[in-house]
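Structural overview
The chain contents come next:
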Amino acid sequence: MPLRFHNSLTRRTEDFVPADPQRVTMYLCGPTVYNYVHIGNARGPVVFDVLTRLLRRHYPRLVFARNITDVDDKINAAAQEQGVPITTITDKYAAIYRQDMGRLGVAPPDVEPHATGHIDEIIAMIGQLIAGGHAYAAEGHVLFSVASYADYGKLSRRPVDEMIAGARIDVAPYKRDPGDFVLWKPSTPQQPGWASPWGVGRPGWHIECSAMAAAHLGETIDIHAGGNDLMFPHHENEIAQSTCAHGGRIFARYWLHNGMLDFGGAKMSKSLGNVCVLHELLDKYPPEALRYALLSAHYRQPLDWSDALVEQSIRTLDRLYGTLRGLVDIDVGTGTVTPEIEAALCDDLNTPEALAVIARLAGEARAAATDDARRSAKAALLGAAGLLGILQQDPEAWFKQAAGGPALDEAEIQRLVDRRVAEKKARNFAEADRIREQLLAMGVVIEDTAQGPRWKAANR
Ligand SMILES: [Zn+2]
């Protein structure tokens, strides 16, 4: 089944044909590590994690790079405020980012380049741009000359006048043209800096992605992904830099952009940002429910984010894990990917349709009467869920997962559950009821089933 994606560059949905099926390349702009990220920053990594799962099925030799921006003025400001070296800030928040992504079920990238590990490549690329007449040095800065690249603005389709008008608000005196952007800037002794032909300084943000993509993936890459808030100026500038440094060769053949989260019609503000910190939401809710919620809308559309959406996702996962719990006697390994789920995801990564397929498969599994029917239904359900990165845990683990609060002591709970069984057997019903109440006070609900009692977290 051919993969089809909406290419932001052409504004069309196109068949995906990699330049070399033996080495498919994909780049995703990663985080600037100076603080906790908000839930909106998790949408791209989660939807494009599904994309890498799909791509790997078709092209096992995918090379996927997601960078870490570890030199930036926001990092410098945080380091100065806290009186620590920038690496204290960047190491801390890069580690938290990796951990939070892991909790969301996002697989680590094949390559995770850091900007500070590629200063030589960045300096070399800036040198190429100057040699080609696409950049110029001025007052310790190096600037990209927008006028030197005729296709500037092609991705975002902004008229050049408008881009320049936007840049004109605060035009630095060393710029030849208001639209020119910084490739290199000088550093004071207090700021992180590296020796360069233009003096001690540091790279601008845009050039690092161009240099790291070329270093790890080559001059032309198959897919470049990112949030649509980065289309201008960041991605526009990446295209200009890479194309001009590489003799006009195309930089990225397919551009995929995810839409933003909406918070009740409000744009993400600083105060909203505080209640939507990913790290905190991961403690408040089962991480898998956040993943499910992030996949519930098509990636190019805006997604209305609310507590109700997450709670709805928890209930849906309860139902799906409940289905799997009823099939626990059947082992199908990781399952089988059916044409139906393939068709949904190959159609421009239609995750809402894929989740509808999963709901249908779960319904079929519940209705299955014979062992054969149960087996094939479970295999299809798990295969589909695996592509979306959901339903990967033991159903019992899902039901025992407390949504927030301190972790439950499973050994202690099991001891009380067993004691309650013993008391009931001995017809000490008052004591059995007391244990039930004790468990409830601990946040645990007992369900008596034909197979004996089982328990789950009360707030689940
Ligand atoms: Zn980038």
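Details of the structure are given in the entry above.
Residues numbered from 1 in each chain as written. Predicted model: local features only at pLDDT ≥ 70, side-chain atom pairs only at ≥ 80, totals over all residues. Heavy atoms only, no water.

On to the side chain of H134, then. Among the secondary structure elements, H134 is positioned in the loop between α4 (119-131) and β5 (135-138). Overall, the relative accessible area of 16% leaves H134 in the buried class. Separated by 2.8 Å, the side chains of H134 and S148 make a polar contact. When residues no more than four places from it in sequence are discounted, the contact partners of H134 are L129, L143, F144, S145, S148 and C244. (Helix = DSSP H or I, 4+ residues; strand = E, 2+ residues; numbered from the N terminus. Buried < 20%, exposed > 50% of the residue type's maximum accessible area, 1.4 Å probe, protein only. Polar contact = N/O pair within 3.5 Å; in protein donor to acceptor, adjacent residues only side chain to side chain. Contact = heavy atoms within 4.5 Å.)

On to the pattern of salt bridges. If you walk through the whole model with that rule in mind, you get 27 salt bridges. Of the charged contacts in the structure, one is a salt bridge between D283 and R103, with a shortest N-O distance of 3.2 Å. With D283 in helix α9 (residues 278-284) and R103 in helix α3 (residues 86-103), the pair connects residues that are 180 residues apart, well separated along the chain. Using a relative accessible area of 47% as the deciding quantity, one classes D283 as partly exposed. (Salt bridge = Lys/Arg side-chain N within 4 Å of Asp/Glu carboxyl O.)

Over the atoms, a rolling probe the size of a water molecule traces out where space has been left empty. Estimated volume of the second largest pocket: approximately 230 Å³. In terms of lining, the second largest pocket is formed by L324, V328, G333, T334, K378, L382, G386, L391, Q392, Q393 and P395. With three residues, helix α14 (residues 371-388) is the single largest residue contributor to the lining of the second largest pocket. When grouped by side-chain class, the residues that make up the lining of the second largest pocket number five nonpolar, five polar and one charged. (1 Å grid on protein atoms, 1.4 Å probe; cavity = no way out; pocket = protein on both sides within 12 Å on 5 of 7 lines; lining within 4 Å. Points joined across faces, edges and corners; volume = space filled by probe spheres on them. Nonpolar A, V, L, I, M, F, W, Y, C, P; charged D, E, K, R; others polar.)

The four strands lie next to each other as β4-β3-β9-β10, forming an open sheet whose pairing is parallel. Here the strands that pair on one side only, and so sit at the sheet edges, are β4 (62-66) and β10 (252-258). Mean inter-strand twist for the sheet, computed between neighbouring axes without regard to direction, equals 20°. In this sheet, β4 lies alongside strand β3 (residues 24-28) in parallel orientation, the contact comprising five bridges. Note that in β4 the partner of V24 across the bridge is L62. Contacting β3, β4 and β9 (221-227), helix α6 (residues 205-217) runs over the sheet at an angle of about 155° to β3. (Pairing = 2+ DSSP bridges. Axes fitted to C-alpha atoms, helices over the stretch in contact; angles between N-to-C directions.)

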